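Here is how the chains run, residue by residue.
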Amino acid sequence: QVTLVESGGGLVQTGGSLRLSCVGSGRYYSVMGWFRQAPGKEREFVASINWSAGTQYADSVKGRFTSSRDNTKNTVYLQMNSLKPEDTAVYFCAADTSGIGSAWSYWGKGTLVTVSS
């Protein structure tokens, strides 16, 4: 059974930073992703990272967010800098089972990030 547990969310002022963590158990997945869902909006892609630390980002977070991973700890991170109120959302970690980021099969329960203006 695969479990993903996010942590690191919280309340921060505009311009501040947070680092989210996602610890996985069950097995190793080569592609991991971060998604977010703001109140009243659909869940959207934020970032992904593959086995060799190659990353992709949504345009809205490029230059501000950085994803990384520590395979020895089965953990992925999302460093979020220069946060804006529009970054307020529940952030979810996901594991891809396709190997290319096209099948997000496992999800964590999410961690809330609130950015105050």
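The structure displayed is predicted, hence computed values, not measured ones. (Residues numbered from 1 in each chain as written. Predicted model: local features only at pLDDT ≥ 70, side-chain atom pairs only at ≥ 80, totals over all residues. Heavy atoms only, no water.)

Let's talk about the nonpolar core
Logical step 1: One finds Met-32, Trp-34, Val-46, Phe-65, Leu-78, Met-80 and Tyr-91 to be the most contacted residues of the largest nonpolar core, which totals 27 residues.
Logical step 2: Every element with two or more residues in this core is listed here: strand E3 (18–25), strand E4 (32–37), strand E5 (44–49), strand E8 (75–80), strand E9 (89–96) and strand E11 (111–116).
Logical step 3: Considering each element in turn, this core owes the most residues, four residues, to E9.
Logical step 4: Met-32 has contacts with Leu-4, Cys-22, Ala-47, Ser-48, Ile-49, Arg-69, Val-76, Cys-93, Ala-94, Ala-95 and Trp-104, leaving out every residue within four places of it along the chain. (Core = buried A, V, L, I, M, F, W, Y, C linked by side-chain atoms within 4.5 Å. Buried < 20%, exposed > 50% of the residue type's maximum accessible area, 1.4 Å probe, protein only. Helix = DSSP H or I, 4+ residues; strand = E, 2+ residues; numbered from the N terminus. Contact = heavy atoms within 4.5 Å.)

A few points about the pattern of salt bridges
Logical step 1: For the structure shown, the criterion picks out four salt bridges.
Logical step 2: The shortest N-O distance in the salt bridge between Arg-36 and Glu-44 comes to 2.6 Å.
Logical step 3: For the salt bridge of Asp-87 with Arg-36, the shortest nitrogen-to-oxygen distance reads 2.9 Å. In this pair, Asp-87 is assigned in the loop between E8 and E9 and Arg-36 in strand E4, connecting sequence segments 51 residues apart. Grouping residues by exposure puts Asp-87 and Arg-36 together as buried.
Logical step 4: One salt-bridge network, in which partners are shared between bridges, spans Arg-36, Glu-44, Arg-64 and Asp-87. (Salt bridge = Lys/Arg side-chain N within 4 Å of Asp/Glu carboxyl O.)

Comments concerning the sheet that holds E8
Logical step 1: With antiparallel pairing, the four strands of this open sheet are ordered in space as E1-E3-E8-E7. Strands with a single pairing partner mark the edges of an open sheet, and in this sheet they are strand E1 (3–7) and strand E7 (65–70). Taking each pair of neighbouring strands and ignoring which way they run, the sheet shows an average axis angle of 15°. (Pairing = 2+ DSSP bridges. Axes fitted to C-alpha atoms, helices over the stretch in contact; angles between N-to-C directions.)

Describing the packing of aromatic side chains
Logical step 1: In this structure the tally under the stated criterion is four aromatic pairs.
Logical step 2: Between the aromatic rings of Tyr-29 and Tyr-106, the centroid separation amounts to 5.7 Å while the plane-to-plane angle is 45°, which identifies the pairing as tilted. In this pair, Tyr-29 sits in the loop between E3 and E4 while Tyr-106 sits in strand E10 (residues 104–107), placing the two residues 77 residues apart along the sequence.
Logical step 3: Assessed through its relative accessible area of 7%, Tyr-29 is described here as buried.
Logical step 4: What links up through ring pairs into an aromatic cluster is the set Phe-35, Phe-45, Trp-104 and Trp-107.
Logical step 5: Sitting above the plane of the Phe-92 ring, Arg-43 keeps its charged end 3.9 Å from the centroid.
Logical step 6: Sitting above the plane of the Trp-107 ring, Arg-43 keeps its charged end 4.5 Å from the centroid. (Phe/Tyr/Trp six-rings, centres within 6.5 Å; stacked < 30°, edge-to-face > 60°. Lys NZ or Arg CZ within 6 Å of the ring centre and 35° of its normal.)

Considering the environment of Val-76
Logical step 1: Its location among the elements puts Val-76 in strand E8.
Logical step 2: The sequence separation of Val-76 and Gly-110 amounts to 34 residues, and the corresponding C-alpha distance is 14 Å.
Logical step 3: With residues up to four places along the chain from it excluded, the contact list for Val-76 reads Leu-20, Ser-21, Cys-22, Met-32, Trp-34, Ile-49, Ser-68, Arg-69 and Cys-93.

Topic: the side chain of Arg-36
Logical step 1: Judged by relative accessible area, Arg-36 falls into the buried class, the value being 6%.
Logical step 2: Of the polar contacts made by the side chain of Arg-36, one reaches the side chain of Asp-87; its length is 2.9 Å.
Logical step 3: Polar side-chain contacts of Arg-36 include one of 2.9 Å to the side chain of Tyr-91.
Logical step 4: When residues no more than four places from it in sequence are discounted, the contact partners of Arg-36 are Glu-42, Arg-43, Glu-44, Val-46, Ser-60, Val-61, Phe-65, Glu-86, Asp-87, Ala-89, Val-90 and Tyr-91. (Polar contact = N/O pair within 3.5 Å; in protein donor to acceptor, adjacent residues only side chain to side chain.)

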